[in-house]
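Descriptive structure summary
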2 protein chains.
Amino acid sequence: MDGNTDNKEKEIKALLKGKKIRPSIIRVKVLKYLLDNRNHPTADRLFSALENDIPTLSRTSIYNTLKTFLDEGVVSEITIEDGNSRYDAFTGKHGHFICEKCGGVSDFDVKCATCAPESLNGYKINQEHVYLRGLCPNCIKSGGDGNEKNFRKKRCKKSS
Amino acid sequence: MDGNTDNKEKEIKALLKGKKIRPSIIRVKVLKYLLDNRNHPTADRLFSALENDIPTLSRTSIYNTLKTFLDEGVVSEITIEDGNSRYDAFTGKHGHFICEKCGGVSDFDVKCATCAPESLNGYKINQEHVYLRGLCPNCIKSGGDGNEKNFRKKRCKKSS
DNA sequence: TCCAATTTTGTAATAATTACAATTTTGTAA
DNA sequence: TTACAAAATTGTAATTATTACAAAATTGGA
């Protein structure tokens, strides 16, 4: 544990306290993972990533933590793929791309400040999500013609 | 069955044939429902809507039909809410708004032609989805202050 | 009519998420 | 420190949307 790590943990704790969330070990580690690894993990991936570090960890705790974070706006939920919610702790405006072949999700900068038109002015908008689906450069190279019709989400079997 | 209905069915059959999909009764009725009711139904809602009309209908057939339609681009899947895919047969560009209180989904016209930036030019984009979350005018009127923190998707218990 | 291909159906399996009660941990006041 | 209430964590069981699969029914063409 070097000084940098120490500093980062302090920042994370401060961030949580600012949102009136008690910075328990699990919460700090989940948020740290999300900030260190911008890979939009599912709940299960978070569990797998942290279970070595926190031997008594349960999946329910991951779900509880994420629910707390969602309620307080610490993270946002990415539903680009049905049946596999992913989580993102980065608050700057950005969109999400999913490759229909490899399933990888990446960020991109959206061109427009907002897509919401004036016609929605009776509404209160809390969140805006832009999702793109397609093929990433790697998968294009490795043979996809870009017209695969049979891509469907595959439920990700739990890894452990 | 008036002449209009007849005409519409003929159009739907032609549309399916154009996509090399045999226009079975179930397929025609599912697509007709989606075109007549722009309410972004879930698979289960489609089943409920059609089971009286097609007494032997099974949920699997709804899923099969939707998969066929998705593969051929007849419908698109809306994943604005995790765990409840919705389906849309309208192909014109539009976004989807979900009310965090009543769960209703509605269309809106997106302001921008595309949100994808030039930085994605090594990618092949097949679909673009814009999702907004918030409160609809009705729910604002009926008391929401617009800051409800505890909205979470509720799995929709099957209706029958 | 007959047959092969396609569609439909019912049942069982899968897997993400939630409900809930029991246990553990934490913060604080005495 | 000790005691206690509140909060957090855990494990198990339940829920539910979706998929897998094989059997049955239907369809279209020879």
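Look a little higher up for the structure.
What comes next is a walk through the structure. All of these numbers come straight from a predicted model, not from anything done at the bench.

Quick notes on the rules
- Residues numbered from 1 in each chain as written.
- Chains lettered and ligands numbered in written order.
- Predicted model: local features only at pLDDT ≥ 70, side-chain atom pairs only at ≥ 80, totals over all residues.
- Heavy atoms only, no water.
- Contact = heavy atoms within 4.5 Å.
- Buried area = accessible area lost by both parts, 1.4 Å probe.
- Salt bridge = Lys/Arg side-chain N within 4 Å of Asp/Glu carboxyl O.
- Polar contact = N/O pair within 3.5 Å; in protein donor to acceptor, adjacent residues only side chain to side chain.
- Helix = DSSP H or I, 4+ residues; strand = E, 2+ residues; numbered from the N terminus.
- Nonpolar A, V, L, I, M, F, W, Y, C, P; charged D, E, K, R; others polar.
- Pairing = 2+ DSSP bridges.
- Least-squares fit on C-alpha atoms with pLDDT ≥ 70 in both.
- Buried < 20%, exposed > 50% of the residue type's maximum accessible area, 1.4 Å probe, protein only.
- Expected span 1.5 Å × (residues − 1).
- Axes fitted to C-alpha atoms, helices over the stretch in contact; angles between N-to-C directions.
- Parallel < 35°, antiparallel > 145°, perpendicular 65-115°, else oblique.
- Arc of directions from axis to C-beta.

The next subject is the interface of chain A and chain B. Opposite the 49 residues of chain A that make contact, chain B presents 49 residues. Carbon and sulfur atoms supply 53% of the area buried between chain A and chain B, which totals about 4,100 Å² over both sides. In this structure, the connection of chain A to chain B is made through two salt bridges. Linking chain A with chain B are 19 residue pairs in polar contact (both at pLDDT 80 or more). For the side of chain A that touches chain B, the secondary-structure elements that each account for two or more residues are α4 (59–71), β4 (105–108), β5 (124–135) and α5 (137–141) of chain A. The element that contributes the greatest number of residues to the side of chain A that touches chain B is β5(A), accounting for 12 residues. Tallied by class, residues from the side of chain A that touches chain B come to 19 nonpolar, 14 polar and 16 charged. Inspection of the sheet shows β5(A) paired to strand β5 (residues 124–135) of chain B by 11 bridges, in the antiparallel sense. Counted as the bridge partner of G134(A) is I125(B) from β5(B).

Attention now moves to the relation of the copies chain A and chain B. With an RMSD of 0.1 Å, the fit of chain A onto chain B corresponds to turning through 180 degrees and sliding 0.0 Å along the axis. As the rotation angle and translation indicate, the two copies are arranged about a two-fold axis. Comparing interface residues between copies, 100% of those in chain A also sit at the interface in chain B, which points to an isologous, same-surface contact.

Residues and elements named next belong to chain A. Here strand β3 (residues 95–99) lies mainly inside the structure; five of its five residues are buried. Residues of β3 alternate between two faces, with G95, F97 and C99 on one and H96 and I98 on the opposite face, all of them buried. Here β3 folds back onto β4 in antiparallel fashion, the turn holding five residues, of which G103 has a positive phi close to 80 degrees. Taken together, the four bridges between β3 and β5 define a ladder with parallel strand orientation. Its bridge partner lying in β5, I98 is registered against R133.

The next thing to look at is helix α2 (residues 25–36) of chain A. The end-to-end C-alpha distance of α2(A) is 16 Å, a good match for the 16 Å that 12 residues give at a rise of 1.5 Å each. Every buried residue of α2(A) is accounted for by V28(A), V30(A), L31(A), K32(A), Y33(A) and L34(A).

A word on the packing of α2(A) against α4(A). Residue and element names in this part refer to chain A. For the pair α2 and α4, interaxial distance at closest approach is 10 Å and the crossing angle is 75 degrees. In terms of orientation, α2 lies roughly perpendicular with respect to α4. Two secondary-structure elements touch here, α2 through I26, R27, V30 and L31 and α4 through S61, I62, T65, L66, T68 and F69. Class assignment of the residues belonging to the contact of α2 with α4 gives a composition of six nonpolar, three polar and one charged.

Residue and element names in this part refer to chain B. Within helix α3 (residues 43–50), burial applies to A43, D44, L46, F47 and L50. Buried residues in α3, looked at end-on, bunch into an arc of 160 degrees, giving them a common side. Looking at the buried side of α3, the elements it contacts are α2 (25–36), α4 (59–71) and β2 (86–88).

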